[in-house]
Amino acid sequence: MPLLTIKPSGKTIEAAEGTTLLDALLAAGEKIVSKCGGEAKCGACHIFVLEGRKGISKMGKLENEKLDTIVGVGSKSRLACQAHFGTENVTVEMLSFV
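Thresholds, definitions, all that
Residues numbered from 1 in each chain as written. Predicted model: local features only at pLDDT ≥ 70, side-chain atom pairs only at ≥ 80, totals over all residues. Heavy atoms only, no water. UniProt positions renumbered as here; feature names shortened; annotations may be inferred. Helix = DSSP H or I, 4+ residues; strand = E, 2+ residues; numbered from the N terminus. Buried < 20%, exposed > 50% of the residue type's maximum accessible area, 1.4 Å probe, protein only. Contact = heavy atoms within 4.5 Å. Areas by Shrake-Rupley, 256 points an atom, 1.4 Å probe, with all protein chains shown as cover. Lys, Arg positive; Asp, Glu negative; His and termini not counted. Charge placed at Lys NZ, Arg CZ, Asp CG, Glu CD. Core = buried A, V, L, I, M, F, W, Y, C linked by side-chain atoms within 4.5 Å. Polar contact = N/O pair within 3.5 Å; in protein donor to acceptor, adjacent residues only side chain to side chain.

In the nomenclature of an unreviewed UniProt entry, the chain is known as Ferredoxin of Methylocella tundrae. In UniProt, the chain has this text filed under Sequence similarities (unreviewed entry): "Belongs to the adrenodoxin/putidaredoxin family." Listed in UniProt under the heading Cofactor (unreviewed entry), the comment for the chain reads: "[2Fe-2S] cluster".

## Some words on the overall build of the chain
When helices and strands are tallied, the chain shows two helices and five strands. Projecting the C-alpha coordinates of the chain onto the three principal axes gives extents of approximately 30 × 25 × 20 Å. A buried classification covers 42% of the 98 residues belonging to the chain. If you take every contact in the chain between residues at least 6 apart in sequence, the share linking residues at least 24 apart comes to 69%. Of the accessible surface of the chain, which amounts to about 5400 Å², a share of 51% is contributed by carbon and sulfur atoms. Once the 12 positive and 11 negative side-chain charges of the chain are each reduced to a mean point, those two points are 4 Å apart.

## Regarding the nonpolar core
Counting residues in hydrophobic clusters, the biggest one holds 24 residues, and the most contacted among them are L4, L21, L25 and V92. Looking at which element gives the most residues to this core, the answer is helix 1 (residues 21–27), with four residues.

## What to know about the side chain of S77
Looking at the secondary structure, you find S77 in strand 4 (residues 77–79). Since its relative accessible area comes to 3%, S77 is described here as buried. Within polar-contact distance, the side chain of S77 engages the side chain of H46 at 2.7 Å. Within the structure, S77 has its side chain in polar contact with the backbone nitrogen of G74 (distance 2.8 Å). Once residues lying within four places of it in the same chain are set aside, the contact partners of S77 are H46, I47, F48, M59, L67 and G72.

Quick look at the structure:
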């Protein structure tokens, strides 16, 4: 199973292939906001994927459109609710806290 490393907390957990980054972060006990129930509508689960970007699903239209409306988005930005694990390890940086 691929590993998810979370910054700044430093936690590392296993994440099953197909799991969303949001579900993995919540399973790790991270306090991450998701106001829309994972539908790419609120943008509150915005994170940076620091390593392993090829190890997660490609960005879809809804996610891309929502990221276009968020201040502070960069080339490593993803919505945790929309990115699914593949087979590679991933390192993310949390941006929003409850």
